[in-house]
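# Survey of secondary and tertiary structure
Each chain is listed here by its residues.
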Amino acid sequence: MNAKERVMRLVNHQKPDRMPCFAANTAATYDQMEQVQAFWPEGHENGEIMAKLAIAAHTILGFDAVRVPFCQTFEAYALGCKIKPGRGVDGVEGVPGIDHPPPYKLDDTPVFPDDFLSRGRIPELLKAVRILKKELGDEVPIVGGIVGPFTVAAALLDTVTLLKATYKEPGKIRRFLKVAEKAGTILAKALIDAGADIISCEDMTASPELIAPATYRDFELEYQRKQFEAISVPKILHICGNVDLIVEWMGQTGAEILSIEPKASVRLARQKCGPGVILMGGVDTATTLFLKDAETVKRKCEESIADGVQILAPGCAVAPGTATENLLAMLEVAKAHQTF
Amino acid sequence: MSLEELCQAVESYDTSMAEALTRKLLDEGFNPHEMISALTETMNKLGDMFSRLEIFLPQLVLSGEALTTVVDIIRPKIMESGEPGPSRGKVVLGVAKGDLHEIGKNIVKLMLETNGFEVKDVGYDVDSITFIKEAEAMEADIIGVSSLMTTTMPGQKEIIELLKDKGLRDRYKVVIGGAPTGQEWADIIGADLYCKDATSAPRLMAELLQQ
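So, here is what we can say about the structure in this document. (Residues numbered from 1 in each chain as written. Chains lettered and ligands numbered in written order. Predicted model: local features only at pLDDT ≥ 70, side-chain atom pairs only at ≥ 80, totals over all residues. Heavy atoms only, no water.)

So, on to the nonpolar core. Of all hydrophobic cores here, the largest spans 170 residues; its most connected members are A:F22, A:F63, A:Y216, A:M250 and A:L312. For this core, the element with the most residues is helix α9 (residues 174–194) of chain A, which contributes 11 residues. Leave out the neighbours within four places in its chain, and A:L312 touches A:M19, A:P20, A:C21, A:F22, A:G281, A:G282, A:C301, A:I305, A:M330, A:V333 and A:A334. Counting 26 residues, the second largest nonpolar core, distinct from the first, contains B:I132, B:V145, B:I160 and B:I189. (Core = buried A, V, L, I, M, F, W, Y, C linked by side-chain atoms within 4.5 Å. Buried < 20%, exposed > 50% of the residue type's maximum accessible area, 1.4 Å probe, protein only. Helix = DSSP H or I, 4+ residues; strand = E, 2+ residues; numbered from the N terminus. Contact = heavy atoms within 4.5 Å.)

Written out as structure tokens, the structure is:
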């Protein structure tokens, strides 16, 4: 059974040969970059280099899927946000982020540009997916990343402005959520046309660590559902942090797969969402994967599997400085689980 | 009309009510120190509730804004009375190089200032050397660095290394925080304190300075 068969069988609730292991978020590391000679920042901007680096997740780490892009700025940039290139210590490149000032104020009406898919680095992202499809199409599934409505809306307005509005002027945020949802949905469709097999939606701003759970239920759920209804392939919904207070509603969005961090309770997710949803997760990226040794990584993975994860995955975006050994350790664990 | 009503107005982030009540209370000769004290308790309570997710970040931010407005009105009265009260410590506070996430740092700033610390906010995406320069300029006690991404955590380490290179390590306490960081990371890089959340920052930093 190859990786694509393995993953798609699980997603379709059939038995794979063993537990799949792959990332819903970026898994690119400096070591992988060295090994395949594809680096940042070019990997964020150039389709060929992006694809070359993404493939490393399969060829070097052994992951059962590859994922692009490596950051969360594609929609925001195309909608008019300022982007700050990633900057690390010792001149090492990191991940670009959304910069100030935001393009809109709360009383504005945001515009969805007709040429959205031609803007920013989106054409290169789609090119990367086409390259991945050509290289890996029948063997390894391609995960295309989009950003969730609340998070894109936060980029349009600035996060604090959006947070305050959720309490003081909630009526005004819908028009931003509408444009934000449209951006992710249109990008998702283009990613699918280019060859993506799975869409992974990251929605960091929707975490209870940022917005009230009631806000998720009363605002985000509606737009997330609408977005997922329009996406024809399996969807992963990833929200960072402890999502216990909203996991019930995450389960109602239409996502086939929920990707959660170890901070959140996998058992609670199963209880709240029922047997139909697939749970993905496994090991904390900032502490365990980044700072601990391979044995600890394996132990944490086993704990998560005992709690009920069905796809073993880094809990969130992999720190680019993570040791390859630690990521390989995850595969070892996944390979040992043939019934789960 | 009372101090309690003022605290309630801050808690329910009714800034215009809070402003009006503040001015009235001051006009009636209310002790500005007592007002700050009560407001500090309110803010600390809200911070505690947030750390348990009994209330959520938007409320903390909005109440923080109401509080800041109120404190700006009260502060001149405290200056006038000639007894500003002791500063509990001087802190340079910022977000590590390459990192654009400011919200957490801003809540820490709010809690520290509310609790009597003097804070120089150096913003986000701050070069490691800038933290040190600002600490020197301010004659700070503490350098506080936040990192919200694993890619920017090394900036916290770099600050400590630079302090050592310059022979300044003993002059400042280095405090770190931010979602991906933790006690282990603090131990690895030799930070003096790891703050799990904003609400514990004033107490822990005060304890640190007493050591």
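So, about the packing of helix α7 (residues 149–157) of chain A against α9(A). Residue and element names in this part refer to chain A. It is the contact of α7 with α9, at a shortest axis distance of 8 Å, that shows an interaxial angle of 115 degrees. For the element pair α7 and α9, the recorded crossing hand is right-handed. Along the contact surface, α7 presents P149, F150, V152, A153, L156 and L157, while α9 presents F176, L177, V179, A180 and E181. (Axes fitted to C-alpha atoms, helices over the stretch in contact; angles between N-to-C directions. Left-handed = near helix turned anticlockwise from the far one by under 90°.)

Chain B puts 30 residues into the contact, and the matching count from chain A is 35 residues. Both sides together, the interface formed by chain B and chain A hides about 2700 Å², and carbon and sulfur atoms give 67% of it. At the boundary of chain B and chain A, one finds six residue pairs in polar contact (both at pLDDT 80 or more). Looking at the side of chain B that touches chain A, the elements that each hand over two or more residues are α4 (57–80), β2 (118–126), α7 (153–165) and α8 (183–189) of chain B. Broken down by element, the residue count for the side of chain B that touches chain A peaks at six residues, all from α4(B). Within the side of chain B that touches chain A, the residues separate by chemical class into 18 nonpolar, five polar and seven charged. (Buried area = accessible area lost by both parts, 1.4 Å probe. Polar contact = N/O pair within 3.5 Å; in protein donor to acceptor, adjacent residues only side chain to side chain. Nonpolar A, V, L, I, M, F, W, Y, C, P; charged D, E, K, R; others polar.)

Residue and element names in this part refer to chain A. Of the two faces of strand β6 (residues 235–238), both are covered, the one formed by K235 and L237 as well as the one formed by I236 and H238. Direction of pairing for strand β5 (residues 198–202) relative to β6: parallel, over a ladder of four bridges. Considered in β6, the bridge of I199 is made with K235. Considered for its hand, the β-α-β crossover made up of β5, helix α10 (residues 213–229) and β6 is right-handed. (Pairing = 2+ DSSP bridges. Right-handed = clockwise from strand over helix to strand, strands pointing away.)

In this section: α10(A). Taking the largest bend as the criterion, α10(A) deviates by roughly 50 degrees, centred on A:E220. Every buried residue belonging to α10(A) is among A:P213, A:T215, A:Y216, A:F219, A:E220, A:L221, A:Y223, A:Q224, A:Q227 and A:F228, and all of these are buried. (Bend = angle between axes of the 7 residues up to and from the residue.)

In this section: the pattern of salt bridges. Residues and elements named next belong to chain B. Taken as a whole, this structure holds 34 salt bridges over all chains when the rule is applied. Between E102 and K105 there is a salt bridge, and its shortest N-O distance comes to 2.8 Å. Here the two residues E102 and K105 agree in accessibility, since each one is buried. (Salt bridge = Lys/Arg side-chain N within 4 Å of Asp/Glu carboxyl O.)

Within the structure shown, the criterion is met by six aromatic pairs over all chains. Ring geometry for A:Y30 against A:W40: centres 6.3 Å apart, planes inclined by 80 degrees, an arrangement best described as edge-to-face. Here the residue A:Y30 occupies a position in helix α2 (residues 30–36), and A:W40 occupies one in the loop between α2 and α3 (42–45), the gap between them amounting to 10 residues. When its relative accessible area of 27% is taken as the criterion, A:Y30 is described as partly exposed. Their ring planes at 40 degrees and their centres at 6.4 Å tell us that A:F290 and B:W185 sit as a pair that is tilted. One end of the pair, A:F290, is in helix α13 (residues 285–291); the other, B:W185, is in helix α8, on a second chain. (Phe/Tyr/Trp six-rings, centres within 6.5 Å; stacked < 30°, edge-to-face > 60°.)

Remember, this is a structural readout, not a statement about activity or role.
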